[in-house]
Amino acid sequence: MNFSAYMQEWLYGEEGYYTKKRTIGKEGDFYTAASTSMFFGGSIAKKLIQTIESGFLSPACHVVEIGAHKGFLLADMIQFLYTLRPSLLESLTFVIVEPFVENQQMQKEYFHESFGDAICLVHVKALEELSAKEAFVVANEIFDAFACEVIKEDHYLCVENHKAFFTPMDAMMVEALKPFGISKGEVCFGYLPFARSLARSFKRYEFVTFDYGDKDAREDFSLRIYANHHTYPFFTLTDLVENTLRAPFGLEEMFQKADITYDVNFTHLIDAFVQTGAVLELYTTQMKALVEFGLIDLLEILYENSSTKAYTQEMNKIKILIDPAFMGERFKMLCLRLV
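All values derive from a computational prediction rather than experimental measurement.

How each quantity is defined
Residues numbered from 1 in each chain as written. Predicted model: local features only at pLDDT ≥ 70, side-chain atom pairs only at ≥ 80, totals over all residues. Heavy atoms only, no water. 1 Å grid on protein atoms, 1.4 Å probe; cavity = no way out; pocket = protein on both sides within 12 Å on 5 of 7 lines; lining within 4 Å. Points joined across faces, edges and corners; volume = space filled by probe spheres on them. Helix = DSSP H or I, 4+ residues; strand = E, 2+ residues; numbered from the N terminus. Disulfide = S-S within 2.5 Å. Buried < 20%, exposed > 50% of the residue type's maximum accessible area, 1.4 Å probe, protein only. Salt bridge = Lys/Arg side-chain N within 4 Å of Asp/Glu carboxyl O. Phe/Tyr/Trp six-rings, centres within 6.5 Å; stacked < 30°, edge-to-face > 60°. Axes fitted to C-alpha atoms, helices over the stretch in contact; angles between N-to-C directions. Parallel < 35°, antiparallel > 145°, perpendicular 65-115°, else oblique. Left-handed = near helix turned anticlockwise from the far one by under 90°. Contact = heavy atoms within 4.5 Å. Nonpolar A, V, L, I, M, F, W, Y, C, P; charged D, E, K, R; others polar. Pairing = 2+ DSSP bridges.

> Describe empty space enclosed by the protein, naming the residues involved and giving the relevant values.
Evaluation of the coordinates by the stated rule reveals one cavity of 30 Å³ or more. In terms of lining, the largest cavity is formed by 15 residues, of which the most central are E186, A217, R218, D263 and N265. Ranked by residue count, the leading element in the lining of the largest cavity is strand β8 (residues 184-187), at three residues.

Okay, here's the thing in structure tokens:
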């Protein structure tokens with residue numbers, strides 16, 4: 001099978017990695033910004049408030065998270081809305097797009113533990129189930145988990161029985177790859193269908209997403225496996241590298257048991273949204289985005305209303321989000337609007 005089908009099965013098949021409860025953070029395979037500090041969600045909540053106050057969205061819009069895992073991000077946003085603009089909790093509609101029942105149940109339990117019956121959380125399995133006039137949509141690290149093809153000149157990657165090999169492209173695939181303009185690396189054909197789904201669901205939206213990657217193609221492979229906070233380049237789990245470079249296990253041992261991911265090509269992602277009529281609002285590093293959203297203002301509130309110890313502890317977490325040596329520069333923020 002071609003690699004995109006293999007990756008789809010790895011992550012979203014019947015026993016796929018993302019179909020089950022997964023621990024994210026110190027005890028899991030990797031960290032995310034939402035699992036690092038609640039001020040990540042707090043900053044996005046402040047961005048939502050700015051968007052509403054500017055008049056682009058109304059106080060009655062939908063607030064939608066896609067790829068919520070346990071629900072940390074949306075819950076943190078709600079907590080900060082309660083502090084900053086509590087009246088919005090009475091008018092906003094909170095939605096999580098989650099296709100897997102086990103994850104839905106985990107999110108419901110977390111929201112009940114956090115808010116009791118004070119917050120009504122709506123679940124849908126797919127964007128296609130949503131239809132609303134306007135929405136603020138947020139997604140953290142979802143596009144790096146979209147199934148991709150892996151290409152090398154005029155060959156593409158296939159996997160059979162967990163054995164990887166490159167095979168020549170046919171004319172149809174050569175033609176399909178032309179708009180992407182790269183000869184080596186990962187190519188995702190799923191961005192455009194996603195952008196179209198978003199445009200069909202909402203007449204107007206602001207979409208904010210964070211992920212790791214760059215705006216320009218690297219012309220190299222970034223495909224990798226995350227397991228227990230260790231990173232393994234994908235090809236080190238295959239026969240396509242010499243034995244001295246091989247990982248101590250192969251694809252079969254890691255299949256559906258660890259995360260598989262790659263760098264997002266933000267040019268490809270932006271182009272997909274533009275094709276559906278969306279407009280690029282901002283593309284920048286995570287560090288700059290969080291500061292622009294209002295992180296500094298939130299830290300001032302924390303400083304004035306907490307002990308020195310609590311402030312120091314939270315600052316140590318926030319440093320991971322904004323330090324260029326950690327998430328600050330490696331992760332990017334993309335904001336798009338459909339008007």
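There's plenty left to go through after this.
> Give a detailed account of the state of the cysteines, specifying residues and quantitative values.
Under the definition given, this model contains zero disulfides. This cysteine, C335, is not joined by any disulfide, and C61 carries the nearest cysteine sulfur, 13 Å off. The class of C335 is buried, set by a relative accessible area of 1%.

> Summarise the pattern of salt bridges; cite the residues concerned and give the values.
Two side chains of opposite charge can pair, provided their charged atoms sit close to one another. Counted by the stated rule, this structure contains 14 salt bridges. Across the salt bridge formed by E206 and K47, the nearest N and O atoms sit 3.7 Å from each other. In this pair, E206 sits in strand β9 (residues 202-214) while K47 sits in helix α3 (residues 38-53), placing the two residues 159 residues apart along the sequence. Note on K47: relative accessible area 11%, which makes it buried. Two residues, R85 and E53, come together in a salt bridge whose shortest N-O distance is 2.6 Å. Placement of the pair is R85 in the loop between α4 (72-84) and β2 (93-97) and E53 in helix α3, with a sequence separation of 32 residues. Accessibility expressed as a relative area gives 52% for E53, which makes it exposed. Three or more residues are tied together by salt bridges with common partners; here these are K47, E206, E281 and R337.

> Break down the packing of aromatic side chains for me, citing the residues and quoting the values.
Counted under the stated rule, the structure contains 31 aromatic pairs. Aromatic pair F143 and Y191: ring centres 5.6 Å apart, planes at 90°, arrangement edge-to-face. Taken together, the residues F143 in the loop between β4 (132-140) and β5 (149-152) and Y191 in helix α7 (residues 191-201) connect sequence positions 48 residues apart. Classification of F143 by relative accessible area gives buried; the value is 1%. A relative accessible area of 3% means that Y191 is categorised as buried. Between F194 and F273 the ring centres are 6.2 Å apart and the planes differ by 65°, which places this aromatic pair in the edge-to-face class.

> Please provide a residue-by-residue account of the packing of α4 against helix α5 (residues 101-115), values included.
Here α4 crosses α5 at 25°, and the two axes come no closer than 10 Å. Accordingly, the angle class assigned to the pair α4 and α5 is roughly parallel. Both α4 and α5 take part in a crossing whose hand is right-handed. Where α4 abuts α5, its residues F72, L74, A75, I78 and Q79 lie against Y110, F111 and F115. Classifying every residue of the contact of α4 with α5 gives seven nonpolar, one polar and no charged.

> Describe in detail the sheet that holds strand β6 (residues 155-160), supporting the description with residues and values.
Strand order in the open sheet formed by four strands is β7-β6-β5-β8, and the pairing between neighbours is antiparallel. The sheet is open, and its two edges are formed by β7 (163-168) and β8, each paired on a single side. Mean inter-strand twist for the sheet, computed between neighbouring axes without regard to direction, equals 35°. Sheet topology places β6 next to β7; six bridges connect them, and they run antiparallel. Each bridged residue has a counterpart across the sheet, and for Y156 the counterpart in β7 is T167.

> Before we move on, could you go through the environment of V241 and cite the residues and values that matter?
Looking at where V241 falls in the secondary structure, it is placed in the loop between β11 (230-233) and α8 (251-254). Spatially, the C-alpha atoms of V241 and P179 are 30 Å apart, while their sequence positions differ by 62 residues. Here V241 is in contact with F235, T236 and R246, once residues within four sequence places are set aside.

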